[in-house]
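Chain by chain, the residues:
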Amino acid sequence: MIQDLLLNFKLAYKNIISAGLRTWLTITTLAFAFLLILFFNSLYTGWEYQGVKDQIDWEFADGQIIYKEFDKNDPFTIESGHHQMIKNENIAPVLIRQGNLYPQGRMLPIAIKGIPANQSIVKLPTHLFHESKEEFPVIIGEAMATNNHLKKGDKILLRWKDKNGTFDAKQITIVGIFHTNVPTIDMGQIWMDIDLLWKMTGLEKEASYHIVKGNYNHELKSQWRFESQQDLLKDFISMVEMKKGSSAFLYIILMFIALIAIFDSQVFSVFKRQKEIGTYIALGFTKKRVTLLLTIEGAMYAILATIIGSLISIPLISWLGVEGVTLSSKEQSQQMGITIGEKLYPMLTSKLLFSSIFWIILLSTIVSYLPVRKIAKMNTVDALKGKK
Amino acid sequence: MSTNNLIELHQVTKRFPVGDGEFTALSDINLSFSKGEFAGLIGPSGSGKTTLLNLIGALDDSTEGEIKINGKNIANNSDEASALLRNEHIGFIFQSYNLLPVYTIYENVEFPLILQKIPKEDRKIMVLQALEWVGLKDIANKKPSQISGGQAQRVAIARSIVKKPEIILADEPTANLDSENAYKIMDILKNLNEELGITFLFSSHDSKVIKYLKRVISLEDGKIINDEVK
Ligand SMILES: Nc1ncnc2c1ncn2[C@@H]1O[C@H](COP(=O)(O)OP(=O)(O)OP(=O)(O)O)[C@@H](O)[C@H]1O
Ligand SMILES: [Mg+2]
């Protein structure tokens, strides 16, 4: 049985290889589709992996406890979206207020975010608040700095409202510019010591949300809601998955072309190779076995294409996984608040590799089988005579 | 009926569907062949020679009657059983050679042995021996497209004898050959018959073939009109 199958594979291989250019065109198309499948999916997987890691490191930590009136996607909830903070050594409060910066005479509406200087839950370099001798030290992200031509050491006028709605203004000093891939903690905002923000606004011990380290399993008062890492990452992950899907367009078309080519060559085989089919039968093949042989021939395109495709794409993608790939839509993504690095590092998983191989071979096999089913109904004697 | 007959046909009829009706290509054929015969079917075109060979070779099914090979009725054989019968007991030689185009001469001859799962080393001995019989050892590595018709038919002969079948069915084996090649082929086949004891059944119009036959069966309109041993 195994021996028979092996023989079929050998024969199938010989048959399609001897078909020459046409075979190689089909195989090349299929291998290229396979390469694109691996490349795009690895690219997005790498992005997803990096983005998830960045967002956990910089923003989401192990989850957040959010005041229920506060919605990070709705700036109108900032004004009253705060409440007496929860005291726990594994969580850090964050208070958000609105304000205006006036760099070089322009007005720049921003969010002022207060966070404890001694926190170590997220990567924000909040230790700079204490290390600085300035009266109002703040840190900002690189994108914020570049977009608004700000640099370390700049002193800028900040205007904000205290809890009674009275405006106040002070010179703040940029004491640090941090580099992050997470635009939602970078663009349009400044970070300062929460103690300072409390004093500036009179909102002593108030927080919009808390960042959690480790497992937080204390009961929460009804004013607060816990959002786990998964909850917080959901939007990002589904966005990447959607992008993955939209990149499918390209390789689906290629796959389609390759499958049509296989189908076509199978139709051709049944039609033009009748004499050969009859000869196989005369020499002792059953019709079933000839059908199997020709089906394997079609599947062989996929087998060769995935072998060749793997030989090219595994080293290529692994190399890109080290070197990184620059995406032209990076700036645009950042402006939209989507976490993305300077470079994306494709990640080829074995699951992706094997499931792609599986699907390509399965589809090719089905497409190969459909035309050669006819052999079962073929008359051996007519077949032996060849095409009339 | 004698049981040591290699091939026995008993009231065999073959009808083909034609349009709304049927065409009777063979009617009520009774025939038997014993081991070692060198027999041929002759008769005008359309008399049923090929049809009869195809029935014996289990390439087609009879409409009525019994066909026994080695005492076993093949009429109701499964696809698998027919394939096995062809692989192990029957060799075919066709008018148009029917070599497999992508294989070398060697591989073409080797093919039936691979199906029989004969080990590689044994296959090599058998293939070279068969090629020796037909005098083609030196072109073993060529492809069918690179050889002449006479050579191709000799390859087909090597392929049919390599597995030492009991029966070889040869449907107009010389029809596409010039007379020099035709005689060469018939000499080879006669030798194989005499030295290996293989039973041959031909179909032919060719007087060069008929000269060699030891038994001539004449068909006309699907019936046997004469059966004579020379
Ligand atoms: N598949 C078929 N359908 C209908 N009629 C058929 C079929 N095969 C053969 N016949 C008819 O059966 C008759 C016998 O055909 P067969 O091929 O056996 O003749 P033959 O003696 O081999 O002739 P030739 O010398 O030309 O090869 C012919 O009249 C042929 O037309
Ligand atoms: Mg004929």
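Residues numbered from 1 in each chain as written. Chains lettered and ligands numbered in written order. Predicted model: local features only at pLDDT ≥ 70, side-chain atom pairs only at ≥ 80, totals over all residues. Heavy atoms only, no water.

- As recorded in an unreviewed UniProt entry, chain B goes by Lipoprotein ABC transporter ATP-binding protein LolD and comes from Flammeovirga pacifica.
- A UniProt comment under Sequence similarities (unreviewed entry) is attached to chain B, and it reads "Belongs to the ABC transporter superfamily. Macrolide exporter (TC 3.A.1.122) family." (UniProt positions renumbered as here; feature names shortened; annotations may be inferred.)

- As recorded in an unreviewed UniProt entry, chain A goes by the name ABC transporter permease, listed as coming from Flammeovirga pacifica.
- Quoted straight from UniProt, the Subcellular location (unreviewed entry) entry for chain A says "Cell membrane".
- According to UniProt, the comment filed for chain A under the heading Sequence similarities (unreviewed entry) is "Belongs to the ABC-4 integral membrane protein family. LolC/E subfamily."

**A closer look at the environment of A:Thr286**
Here is step 1 of the chain: Structurally, A:Thr286 is set in the loop between α7 (274–282) and α8 (287–323).
Here is step 2 of the chain: Residue A:Thr286 is classed as buried on the basis of its relative accessible area of 12%.
Here is step 3 of the chain: The spacing of A:Thr286 and A:Leu108 is 178 residues in sequence and 81 Å in space, taken between C-alpha atoms.
Here is step 4 of the chain: Setting aside its immediate chain neighbours within four residues, A:Thr286 contacts B:Asp79, B:Glu80 and B:Ala83. (Helix = DSSP H or I, 4+ residues; strand = E, 2+ residues; numbered from the N terminus. Buried < 20%, exposed > 50% of the residue type's maximum accessible area, 1.4 Å probe, protein only. Contact = heavy atoms within 4.5 Å.)

**Structural notes on the UniProt feature "domain: ABC3 transporter permease C-terminal" (unreviewed entry) in chain A**
Here is step 1 of the chain: UniProt marks residues 249–379 of chain A with the feature "domain: ABC3 transporter permease C-terminal" (unreviewed entry), using the numbering shown here.
Here is step 2 of the chain: For residues 249–379 of chain A, the end-to-end C-alpha separation is 43 Å, with 76% helix and 0% strand making up the annotated structure.

**Brief notes about the UniProt feature "transmembrane region" (unreviewed entry) in chain A**
Residues and elements named next belong to chain A.
Here is step 1 of the chain: Here, UniProt's "transmembrane region" (unreviewed entry) annotation points to residues 21–40, 248–271, 292–320 and 352–372.
Here is step 2 of the chain: Helix makes up 100% of residues 292–320 and strand makes up 0%, while its end C-alpha atoms are separated by 40 Å.
Here is step 3 of the chain: With 100% helix and 0% strand, the stretch residues 352–372 has end C-alpha atoms that lie 30 Å from each other.

**Some thoughts on the site of ligand 1**
Residues and elements named next belong to chain B.
Here is step 1 of the chain: As a matter of local geometry, ligand 1 sits amid 13 residues, with Ser45, Gly46, Lys49, Thr50 and Thr51 nearest to it.
Here is step 2 of the chain: Measuring from an oxygen atom of ligand 1, one finds a side-chain N or O atom of Ser45 at 2.5 Å.
Here is step 3 of the chain: Thr50 places a polar side-chain atom, nitrogen or oxygen, 2.7 Å from an oxygen atom of ligand 1.
Here is step 4 of the chain: When ligand 1 is considered free in solution it has 630 Å² of accessible area, and contact with the protein chains removes 68% of it.
Here is step 5 of the chain: The pocket occupied by ligand 1, as judged from atoms lying within 2 Å of grid points, is the second largest pocket. (Near = heavy atom within 4 Å. Polar contact = N/O pair within 3.5 Å; in protein donor to acceptor, adjacent residues only side chain to side chain. Areas by Shrake-Rupley, 256 points an atom, 1.4 Å probe, with all protein chains shown as cover. 1 Å grid on protein atoms, 1.4 Å probe; cavity = no way out; pocket = protein on both sides within 12 Å on 5 of 7 lines; lining within 4 Å. Sits in = over half its atoms within 2 Å of the grid points.)

**Here we look at the packing of aromatic side chains**
Here is step 1 of the chain: The full count for this structure, using the stated rule, is 16 aromatic pairs over all chains.
Here is step 2 of the chain: Here the aromatic rings of B:Phe38 and B:Phe202 are separated by 5.1 Å at their centres, their planes lie at 70 degrees, and the arrangement is edge-to-face. Note that B:Phe38 is positioned in strand β3 (residues 38–42) and B:Phe202 in strand β8 (residues 199–203), a separation of 164 residues in sequence.
Here is step 3 of the chain: Residue classification places B:Phe38 among the buried positions, given a relative accessible area of 1%.
Here is step 4 of the chain: For the pair B:Phe92 and B:Phe94, a centre-to-centre distance of 5.7 Å together with 5 degrees between the ring planes defines the contact as stacked.
Here is step 5 of the chain: Through pairs of rings, three or more aromatic residues link up here, namely A:Tyr280, A:Phe285, B:Tyr103 and B:Phe111. (Phe/Tyr/Trp six-rings, centres within 6.5 Å; stacked < 30°, edge-to-face > 60°.)

**Observations concerning the domain arrangement of chain A**
All names here are of chain A.
Here is step 1 of the chain: For chain A, the assigned domains are domain 1 (2–56 + 234–385) and domain 2 (68–214).
Here is step 2 of the chain: On a C-alpha basis, the centroid separation for the pair domain 1 and domain 2 is 51 Å.
Here is step 3 of the chain: Every contact between the two is made by 11 residues of domain 1 and, on the other side, eight residues of domain 2.
Here is step 4 of the chain: There are zero salt bridges connecting domain 1 and domain 2.
Here is step 5 of the chain: Elements supplying a minimum of two residues to the side of domain 1 that touches domain 2: α2 (21–60) and α9 (330–335).
Here is step 6 of the chain: Ranked by residues supplied to the side of domain 1 that touches domain 2, first place goes to α2 with three residues. (Domains from an automatic or database assignment. Salt bridge = Lys/Arg side-chain N within 4 Å of Asp/Glu carboxyl O.)

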